Amino acid sequence: MSTFKAGAGAAPQANKPAKIELDPSLRDNVRLLGDLLGQTIRQHLGDEFFNTIEAIRQAAKTDRKVGSDELKTVLGKLSDDELVPVTRAFNQFLNLANIAEQYHFVRRKAPADELVVNRLDTVETALGRLLEKGQEPASILSAIKDMHIDFVLTAHPTEITRRTLIQKYDAITETLKALDRDDLLKSESDGLRQILERLIAEVWHTDEIRQTRPTAVDEAKWGFSVIEYSLWEAVPKFYRQIDAVLNERLSEELPPDVSPLRFTSWMGGDRDGNPNVTHAVSQEVLSLSRWMAADLFLRDIEQLRAQLSMSTATDELRERVPGSNEPYRAMLTNLRDRLEATRHWARRVSTMDLPTYLREMKQLLSLDSASRDVLLYDEELLAPLRLCYDSLTSCGQSVIAKGPLLDTIYRLRTFGLSLVRLDIRQDSSRHREAVSEICSELGYGDYTSWSEAEKQAFLVRELDSKRPLLPFDWRPSDQVHEVLNTCRVIAAQPEGSVACYVISMASQPSDVLAVILLLRACGVTRNIPIVPLFETLSDLDGAAESIDRLLSTEWYKAYTGGYQQVMIGYSDSAKDGGQMAAAWAQYQTQEALVATAERHKVRLTLFHGRGGTVGRGGGPANRAILSQPPGSVAGRLRITEQGEMIRFKFGQPAVAVQSFNLYVGAVLEATLTPPPDPEPEWRETMTAMAKCVTTSYRALVKGNDDFVAYFRAATPEQELGKLALGSRPARRQIPPGETGGGVETLRAIPWIFAWTQMRLMLPAWLGSDIALQKAIDEGKQSVLEDMLASWPFFQTHIDMLEMVLAKVDINIAASYEARLVEPRLHDIGKQLRQRVMKLVVLVRELKKQDGLLADNPVFRLSLKVRDPYTDPLHYLQIELLARDRRQSADKRGSETVEKALKVSMAGVAAGMRNTG
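Each value, and the rule that gives it
Residues numbered from 1 in each chain as written. Predicted model: local features only at pLDDT ≥ 70, side-chain atom pairs only at ≥ 80, totals over all residues. Heavy atoms only, no water. Helix = DSSP H or I, 4+ residues; strand = E, 2+ residues; numbered from the N terminus. Rg over C-alpha atoms; globule rule 2.2 N^0.38 Å. Buried < 20%, exposed > 50% of the residue type's maximum accessible area, 1.4 Å probe, protein only. Contact = heavy atoms within 4.5 Å. Areas by Shrake-Rupley, 256 points an atom, 1.4 Å probe, with all protein chains shown as cover. Lys, Arg positive; Asp, Glu negative; His and termini not counted. Charge placed at Lys NZ, Arg CZ, Asp CG, Glu CD. Patch = residues over 30% accessible without salt bridge, like charges linked within 9 Å, V, L, I, M, F, W, Y side chains within 5 Å. Salt bridge = Lys/Arg side-chain N within 4 Å of Asp/Glu carboxyl O. Arc of directions from axis to C-beta. Phe/Tyr/Trp six-rings, centres within 6.5 Å; stacked < 30°, edge-to-face > 60°.

So, on to the overall build of the protein chain. Secondary structure assignment for the protein chain yields 38 helices and eight strands. Compactness check: the protein chain gives a C-alpha radius of gyration of 28 Å against a globular reference of 29 Å for 916 residues, within 12% of the reference. Relative to its full complement of 916 residues, the protein chain shows a buried share of 60%. Put simply, 82% of the contacts in the protein chain that link residues at least 6 apart link residues at least 24 apart. Taken as a whole, the protein chain presents about 35,800 Å² of accessible surface, with 48% of it coming from carbon and sulfur. Separation of charge centres in the protein chain, based on 113 positive and 123 negative side chains, amounts to 2 Å.

Have a look at this one:
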């Protein structure tokens, strides 16, 4: 298949989009992969079909260049039999282009200027900036030692690509890496090209679309595979990079007991709105996670047994393995045997019935380490490894100690014997229901009718009580029984397996105290962090007051041990009142929470529930961190990584190392050199604009009776259910007795996914157009320019808005409307297209640019070169939607149309580099 070419370059001019070319190596890789895909298509479907594909691509380029309708004409001639293969061809080319582009920015030969323009910082560059600003080396080292970044992998259904294809794409990347050498023999180069040809053929002959939804356990296994095939290698590699930087710049070392990174998962633990996640699922996931950890560490130990054949050792080590001439091997052999026992045990208990599981776990946890073969606690594996490390170091064999043994210690510090800790998340209403049923059973009255003060008094009194809370032989409702069984599974875990318990819609102190009471009643004796989640605009507004009242409760303050975690939701707040309003609310909430924590003398960790798209708080991670309010990072950060972003950020070792650099470097800078407080006038301007955004946003989304009808007609929102994306339902359950089905019941991911598919990107910009124009009309132009020049928060917000606007295509959006929306609703689309184009002008004028992305030409080119492949998918999708809806109305379906429609959605997502 022919590939794209970038235009001739010219020297960049001030405030004008720079004309750039693709780097030759990236261009060559894209061309190579495209040609091999074209060759596969030609072999499979013949020259005539291949020529059709090429004619479509050329028509798309012509349309973009001269504004013709040649593409629609060519696509209109396709037969039903051609729909699926044509859609698949363009989908796969976009996937291959993504592979080439992603690899390009982690390859050894990647041009430094491209890395800079794409904001791909490293810890080294961040550390250099800190030294230039006068930061003391001791402060930098202390900040790294104290740093705690927790990546929370979630199963939110935005990963549209099948796992089997992801593995083939990874193999393609590895083959490109092997080809990226100057010393290959011709036979070696030809052999690698043959491997690429085979892999691309495998991709072509594999169905892109899942036929069945993954279960919650399947999702967890996918998360494990990311660790096994990428993060397991990336983590020690990254720590070695930090060690080298500290050595070179500060003449210091990274101690073996320092590990800034942690990994947690919601896969198998997030039951909020997902009835498919039960206590049995959490039990199985927790057990399989330990099985996977034991298996991975077992591989490491086997390798170390082969390497550590030395006989010289300290007396302390020899005392542990008396009489052995190879003390390190003897120590490691014991660990191998215990890891094998742990792996066998974890598999066996994963699917036990709950009573048997609880009895087994209770008996096991009652034994000390010497009385059991199974390894339960990280220290049981870490202590022997550190003993070997210290012995080698003391015996003058540091070079050996700092080899694979140190890598294993790094992994254990980061992953532990649980591999990933599990978060449990549940809605606060489920806990209130459970406490209410208990109170009713005990004759205490109607808990739900009590005042907040009465609830708190009751809960604290019960928490201090030594008698059992749960009535004997009591039969709760099924929902309450499930909540209690989840608590029992948590109680059965070794310490460290469960990271925290997240409560959605937790607005009162009693919401938190109720969870602790239920956990205690079910046998949890350790103080698991309880994390209230604030999502909507009103929740965010009241978050600091809620935490203040919570920490004012003496019992709870003691429970925290001086640490409090709060989760901030990005998706629902933006969906509630518009992206700009949500961003400002989140900023102010963080400021207020920081002040509250300081007043109560507790250390605050903010947990950011970001998604992959700008409409859900996404965007370049380092810039987002550096734009947070002063004091809100302070060395600690928890952040969700969702769906396809897990693959984009962590799916390959080199990419993961790059991502770690971005996060650690940004947290280091935000901790030691936080941004200044915004000026009072900036606050006033942002507050006024945020109110304007919310008013404008809600006037359309919630106030226009025709909006939902337009949304469902113009986008593939209703067809998204055909995609087996994840175990979680796309819509929230409507409470009994209520009508629904509107936007309010739609989750944030499909809400954004649908607008992305038809290229209007509405959730990320709606309302910002009115707010910015109003500010300018009121004489705030110079204030906005000052904010853009001097305030990282506003800079980042406008840059993210600009990136979204660059993906908008009003011609494509208008085509969806013309074909799919009844004429009486067309005024809505016309107004939206006019508004978004006015916003483009506003952003360009604010940034003093002749075009969007003038200061990010690589991203601009990345979008441009995808147009000949995304455009056909859009116009195919429009026709497929029309056919699918017509056939559904006639109660007759076409598997061909439906499959092509699904592939078109996957293809557009690949072209836009995200779903939701």
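This brings us to a negative patch on the surface. Taken together, E679, E681, E684 and D786 make up a surface patch of like negative charges. Looking at the element boundaries, E681 is found in helix α28 (residues 680-701).

So, about the pattern of salt bridges. Summed over the entire model, instances satisfying the criterion amount to 57 salt bridges. One salt bridge in this structure joins D809 and R64, with 2.5 Å as the shortest N-O distance. With D809 in the loop between α34 (792-807) and α35 (810-820) and R64 in helix α2 (residues 47-66), this residue pair connects regions lying 745 residues apart in the sequence. For D809, a relative accessible area of 8% puts it in the buried group. Judged by its relative accessible area of 39%, R64 is partly exposed. Here E717 makes a salt bridge to R712, at a shortest N to O gap of 3.3 Å. For E717, a relative accessible area of 5% gives the class buried.

Turning to helix α7 (residues 137-146), a few remarks are in order. The complete set of buried residues in α7 reads I140, L141, A143 and I144. For α7, the buried positions fall inside an angular range of 160° around the axis, keeping them on one side. Packed against the buried residues of α7 are α6 (123-132), α10 (216-250) and α27 (653-672).

Overall, the coordinates contain 35 aromatic pairs when judged by the stated rule. Geometrically, the ring pair formed by W232 and F415 is stacked, given 5.4 Å between the ring centres and 25° between the ring planes. With W232 in helix α10 and F415 in helix α16 (residues 398-415), the pair connects residues that are 183 residues apart, well separated along the chain. On the basis of relative accessibility, which here comes to 7%, the residue W232 falls in the buried class. Judged by relative accessible area, F415 falls into the buried class, the value being 3%. Plain terms: the ring middles of Y556 and Y559 are 5.9 Å apart, the flat faces sit at 20° to each other, and that makes the pair stacked. Residue Y556 and its partner Y559 are both found in helix α22 (residues 554-560); the two are separated by three residues, about one turn of the helix. Assessed through its relative accessible area of 8%, Y559 is described here as buried. Through a chain of ring-to-ring contacts, the aromatic side chains of F151, W232, F238, Y239, F263, F297, Y410, F415, F650, F660 and Y663 assemble into a single cluster.

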